[in-house]
Every structure is written in structure tokens, then in C-alpha cells.
Amino acid sequence: MNLEKNVPLQPYNTFGIAAKALALVRVRDENDLRAVLTDPQLATMPRQVLGGGSNIVLTGDVKALVLKIEVQGLRLASETDKHWVVEAGAGVGWHDLVAWTLDNGYPGLENLALIPGSVGASPVQNIGAYGVELQDRFDSLDAMDLLTGELFSLNAAQCGFGYRDSVFKHAAGPDGLGLAGRAVILRVRFALPKRWKPELGYADLERKMSESANHTPDARQIFDWVCAIRRAKLPDPQVIGNAGSFFKNPTVTTEQCADIIARDPKVVHYHLDDGRIKLAAGWLIDSCGWKGKTVGHAGVYEKQALVLVNKGGRENPCTGGEVMTLAKAIQTSVYERFGILLEPEPVVI
Ligand code: EPU
């Protein structure tokens, strides 16, 4: 284990915000974590787990000990009649995993192509895109309990997945279920179906299919379409810093939705299986006129109002404070117009 001091975090967060970690340890396997837990000086420090840094807003230097998860490894762990079970280290880049599975003939993750971030962060917020969520392909994961130093595994039910939600986002409550700040994910396994079916229900993908001559796409074709859709509409964090969707899409009752439709009949909404209705947060923000607006060097992306971006690049990056001021102003304006309080997606540190 190697303790590094005053480590610049700008390369390690996709917003490109400049901040330092006062102390940082790179975790390449469970032994690195055990070494932290048994080190007399480090064991008592508060800790901050850092994955791909694609879902965080840094509002200052991080005083907690940063555990930067760099566990590598990609392999076919096992197979059943129905599934290939692929295992990836938490430090593997998410998109690298998706590309590797397709290169090796294990389809199923293609709709999740190009999502920034690491494999280890993917279950935390149950990433999703174009009609597929991580929980649809999840098998199990291995993690370490930072309180006891024990390794444990969780299946899908134990992860408590919800929309951009899991047990890893919740503090331990009276039910004892929350694992936020307590569990470090080391490896994740995915069950990829041998009888693969294309998932084409999402409007953007339907459009791609009807525009193309190919009406029986394979997984590679869907991967290419998803990459093209994302590149057209979402900023590449290598070029323009961002943390993906900044707010969750809110769900409302049919009565609340009727009230909003009365205010603006064009509101984009989708009916969920449980009778509730999901509203497109991007549309709500867009219709309040936020596209292109800025606070300091933080701005609202011109092509997708749900994404906040760093307009100052690496040289003059926005601060976390500017991002949060902009986010709060957006929340207030959407609340005043539609009576909906948008919930941020990224973790504010
Ligand atoms: N819209 C607008 N104006 C905007 C943005 C969106 O009118 O500025 C409208 C669009 O026209 C569309 C609707 O809102 O009718 C939904 O937009 P989009 O299809 O872009 O999807 P989204 O709901 O904004 C969600 C996920 C994305 C994911 C896409 C595709 C959330 C919070 N976001 O975005 O995930 O890639 O669907 O499945 O659920 C992420 O979480 O970081 C992320 C990028």
C-alpha cells in the first residue's frame, strides 16, 4: 500500500473540477484495503471511495482518505444453460467492459455503451440507458465491509436496486440495510443471456432502426447506434467536462401529471408499470429556458438541458460551488413553474 499526499483530483473527476485529495491510496485488490484498515494512522481517518469520478461534484479539497478503486480484471467466470457470467474488476472502465463483452461474443450490455464511469460505480446508481438498466443484467458482486474488513457477496435482491438507486446509496438505518460509506465494491458479475433479444423499445433507437435498412440488428449494430445517439446528444467528458444527467427524472401521480399538463400540454411523460408517471427532467428544465445559461464557468449543455457542463475546460475549470449554484437556481425555477423538486443525481463531496 502506498499513501500519496496532496494528489490533484482534476484528472479523476469527469467534470474536470480542480481539487486535491490530502491523502489517497490506490486500491488494486483486497490486500490494499486490508492494509488501510490495519494501519494505525489510516484506520481512524474518514474515507471517501472514488471510482471513475463520473458522478461526483467536488466542492473543495477532499480531507477524507480517498480510496481510489483500481481493481482490474475481465473474465468469463462461469456459464449456465441460460447465461454467460462475466466478471469485471471494479476499476475497469464501464465502456471497456461493454466493448470486451461484445468482442468476446457475450451480448446484453450494448444498450449501456459509452456510459462514463467504472464498473464498481455501476451498481451504486443502477446505471441505465435506452431501455436497459444494470439490474436487468446483474448477477452478483463482491465487496469489503470497511467496518469489519470482511469480504462478502450480494445478489440482485440484496442490492435493493431502484431507479438510479441501490443499497449503496443509503446510510445504515434501523433496518440495517444501507451500505453507503461502508462497503467497497471490488468485483461485479453480469449474467448475459445466451438467448439474446434486441432491446429496441426506446424512441431514439426505434428512430435509428427506421432510418436504416437494418430491421434485424445484432448486438454490435445496437452498440453502434447507441454510441451514435449518445455522441450526437451528450457531451464527451474528455472534451467538455460533465457528470451525465444532473437530475433524476421525477415520478408523479396521474393527478399531479394532469395538473402539469394543464400548465403545459407538451410535457414529455411516460407511463410506468406501477401506474405512476415519469416526467422528462430535461424537458422541464429546457422549457424553463435554461439551455446555454451559465453561472461562472458552469453551464447548461446546449443540446441536453439535463446535463450541466464545465465551460472553462482544464485551464479555467468551473468550481463545484458554481455547479451547485446553477443546480439550485434550476431547481427553484422548475419548482416555481411546475411544483416539482428535481433531485440531483451526482454525489456532492
Ligand atoms: N428533452 C427536452 N429538452 C432537453 C432534454 C430532453 O425536451 O433539453 C426531452 C427529449 O426530447 C425527450 C425527453 O426529454 O423527449 C427525454 O430525453 P432523453 O431521451 O435525452 O433522455 P433523458 O430522460 O433526458 C435518460 C437518462 C440518461 C440516458 C437516457 C437514455 C436519467 C436521469 N437520464 O435521460 O442517463 O442516457 O435517458 O436512456 O434517467 C445519466 O444518468 O447520466 C444518463 C445520461
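Summarised in this report is the structure supplied together with it. Only a predicted model underlies this, so the values are computations on that prediction, with no experimental measurement involved.

**Topic: the side chain of Arg230**
So, step 1. Inspection of the secondary structure puts Arg230 in helix H5 (residues 219-233).
So, step 2. At 9.1 Å, Glu345 is the nearest oppositely charged side chain to Arg230, a buried residue that forms no salt bridge.
So, step 3. For Arg230, the residues in contact, after removing those within four places along its chain, are Ala113, Leu114, Ile115, Pro116, Ala129 and Tyr130.

**Side note on the sheet that holds strand S7 (residues 83-89)**
So, step 1. If you walk across this open sheet you meet the 5 strands as S6-S7-S12-S10-S11, and the pairing is antiparallel. Each of the sheet's edge strands pairs with one partner strand only, and the pair in question is strand S6 (74-79) and strand S11 (151-155). Between one strand axis and the next, the sheet turns by 25° as a mean value, whatever way the strands run.
So, step 2. Here strand S10 (residues 138-145) pairs with strand S12 (residues 183-193) via 7 bridges, running antiparallel. Within the sheet, the bridge partner assigned to Asp145 lies in S12 and is Ala183.
So, step 3. The sheet contacts of helix H1 (residues 30-38) involve S10, S11 and S12, and relative to S10 the element is tilted by about 30°.

**Considering the nonpolar core**
So, step 1. Grouped together as the largest cluster of nonpolar side chains are 44 residues, with contacts concentrated most on Val323 and Ile330.
So, step 2. Secondary structure elements with two or more residues in this core: strand S2 (20-27), strand S4 (56-57), strand S5 (62-69), helix H6 (254-263), strand S16 (277-279), helix H7 (281-287), strand S18 (298-300) and helix H8 (320-338).
So, step 3. If near-sequence neighbours (up to four positions away) are discounted, Val323 is found in contact with Phe15, Ile17, Val57, Phe246, Ala298, Leu308 and Cys318.
So, step 4. Within the second largest apolar cluster, 43 residues are counted, among which are Tyr106, Leu134, Val188 and Trp225.

**Notes on the site of the ligand**
So, step 1. Close to the ligand lie 23 residues, the nearest being Tyr130, Tyr163, Ser245, Asp286 and Ala305.
So, step 2. Separating an oxygen atom of the ligand from a backbone N or O atom of Tyr130 is a distance of 2.7 Å.
So, step 3. The separation between an oxygen atom of the ligand and a polar side-chain atom of Lys233 is 3.1 Å.
So, step 4. Considered on its own, the ligand offers 830 Å² of accessible surface; in the complex 82% of this is hidden by protein.
So, step 5. Where the shell around the ligand is concerned, the elements lending two or more residues are strand S8 (128-129), H5, strand S13 (242-245) and H7.
So, step 6. Here the shell around the ligand takes 3 residues from H7, the largest share from any one element.
So, step 7. Class assignment for the residues of the shell around the ligand results in 11 nonpolar, 6 polar and 6 charged.

**What about H1?**
So, step 1. Looking at H1, one finds that the buried residues are Glu30, Asp32, Leu33, Val36 and Leu37. Burial along H1 is one-sided: seen end-on, the buried residues are contained in an arc of 160°.
So, step 2. Check the buried side of H1 and you find it contacts S2, strand S3 (47-50), S5, S10, S11 and S12.
So, step 3. One side-chain oxygen at the N-terminal end of H1 lies 2.9 Å from the backbone nitrogen of Asn31; it belongs to Asp29.

**Looking at the sheet that holds strand S15 (residues 269-271)**
So, step 1. Here 3 strands make up an open sheet; going across it, the order is S14-S16-S15 and the pairing antiparallel. In the strand order of this sheet, the two ends are held by strand S14 (251-252) and S15, each with one partner.
So, step 2. Judged from the 2 bridges that link them, S14 and S16 form a sheet pairing that is antiparallel. Pairing of Thr251 across the sheet is with Lys278, part of S16.

Conventions and cut-offs
- Residues numbered from 1 in each chain as written.
- Predicted model: local features only at pLDDT ≥ 70, side-chain atom pairs only at ≥ 80, totals over all residues.
- Heavy atoms only, no water.
- Helix = DSSP H or I, 4+ residues; strand = E, 2+ residues; numbered from the N terminus.
- Buried < 20%, exposed > 50% of the residue type's maximum accessible area, 1.4 Å probe, protein only.
- Lys, Arg positive; Asp, Glu negative; His and termini not counted.
- Salt bridge = Lys/Arg side-chain N within 4 Å of Asp/Glu carboxyl O.
- Contact = heavy atoms within 4.5 Å.
- Pairing = 2+ DSSP bridges.
- Axes fitted to C-alpha atoms, helices over the stretch in contact; angles between N-to-C directions.
- Core = buried A, V, L, I, M, F, W, Y, C linked by side-chain atoms within 4.5 Å.
- Near = heavy atom within 4 Å.
- Polar contact = N/O pair within 3.5 Å; in protein donor to acceptor, adjacent residues only side chain to side chain.
- Areas by Shrake-Rupley, 256 points an atom, 1.4 Å probe, with all protein chains shown as cover.
- Nonpolar A, V, L, I, M, F, W, Y, C, P; charged D, E, K, R; others polar.
- Arc of directions from axis to C-beta.

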